[in-house]
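# Remarks on the overall topology
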Amino acid sequence: MPAPLCNGAPHLRVARPSRDLHAATRLYTEGLGFDVLASFLDHAGFDGVMLGRAGWPYHLELTQRRDDPIAPRPTAEDLLVLYLPDRAHWEAAVRRLRDAGARSVASVNPYWDARGATFEDPDGYRIVLANDAWP
């Protein structure tokens, strides 16, 4: 068996380009309740935000290149899956995402439609709210 990456759990950062940093940030903060953990302006030509919650072992970074924007190219299988086992919390999260402007979409993989709801963010990346628990 290969050696672990580190002694503790590593912190995971998922980084994605955005066409509209403001709209995407709004969706994740208002729709999913993420906080802006950090942000930067014109760092080597990039603006960006880190979204999540203090203490979580992961965060989402959204960036936008100022002079020559990088167009996001998500596929229908580029998923950010959040497991929400409590039905009432899941229903509230679905409402918040819809109210924040996320577009409901059918999942390509029927597994996700059977277990939750799938949405697209302003850049076309998919968010699955699974009313299920990770084992």
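Structure shown above.
Scope of this entry: the structure provided in the associated data block. (Residues numbered from 1 in each chain as written. Predicted model: local features only at pLDDT ≥ 70, side-chain atom pairs only at ≥ 80, totals over all residues. Heavy atoms only, no water.)

## Considering the sheet that holds strand β2 (residues 35-43)
The strands making up a sheet associate through backbone hydrogen bonding, with each pair oriented either parallel or antiparallel. Heads up, the rule is: Strands pair, by our definition, only if DSSP identifies at least two bridges between them. For the purposes of this entry, the term helix denotes a DSSP run of H or I that reaches at least four residues, the term strand denotes a run of E that reaches at least two, and both are numbered from the N terminus. Here, axes are lines fitted to C-alpha atoms. For helices the fit covers the stretch in contact, and angles between N-to-C directions go from 0 to 180 degrees.
In space, the four strands of this open sheet follow the order β1-β4-β3-β2, with mixed pairing throughout. On the outer flanks of this sheet lie β1 (12-17) and β2, each paired with one strand and no other. Strand-to-strand twist of the sheet, defined as the mean angle between neighbouring strand axes without regard to direction, takes the value 20 degrees.

## Topic: the side chain of Arg16
Short version of the rule: Burial classes: relative accessible area under 20% of the type maximum marks a residue as buried, over 50% as exposed, and values in between as partly exposed (1.4 Å probe, protein chains only). The charged-residue count follows a simple rule in which Lys and Arg add positive charge and Asp and Glu add negative charge, with His and chain termini not counted at all. Should a side-chain nitrogen of Lys or Arg be within 4 Å of a carboxyl oxygen of Asp or Glu, the pair is scored as a salt bridge.
Position of Arg16 relative to the elements: it lies in strand β1. No salt bridge is formed by the buried Arg16. Its closest oppositely charged neighbour is Asp121, at 4.5 Å.

## Description of helix α1 (residues 21-32)
Given 3.6 residues per turn, any residue in an α-helix points the same way as the ones three and four places further on. In plain terms, the rule: Here the expected length of a helix is defined as 1.5 Å per residue gap, with one fewer gap than residues. Starting at the helix axis, one direction is taken to each C-beta atom, and the arc is that of these directions.
Look at α1: 16 Å from first C-alpha to last across 12 residues, which is about the 16 Å you get at 1.5 Å a residue. Taken together, the buried positions of α1 are Leu21, Ala24, Thr25, Leu27, Tyr28, Gly31 and Leu32. Looking down the long axis of α1, one finds its buried residues gathered within 165 degrees of arc, a one-sided arrangement. Looking one or two residues beyond α1, the residue adopting positive phi is Gly33, at roughly 75 degrees.

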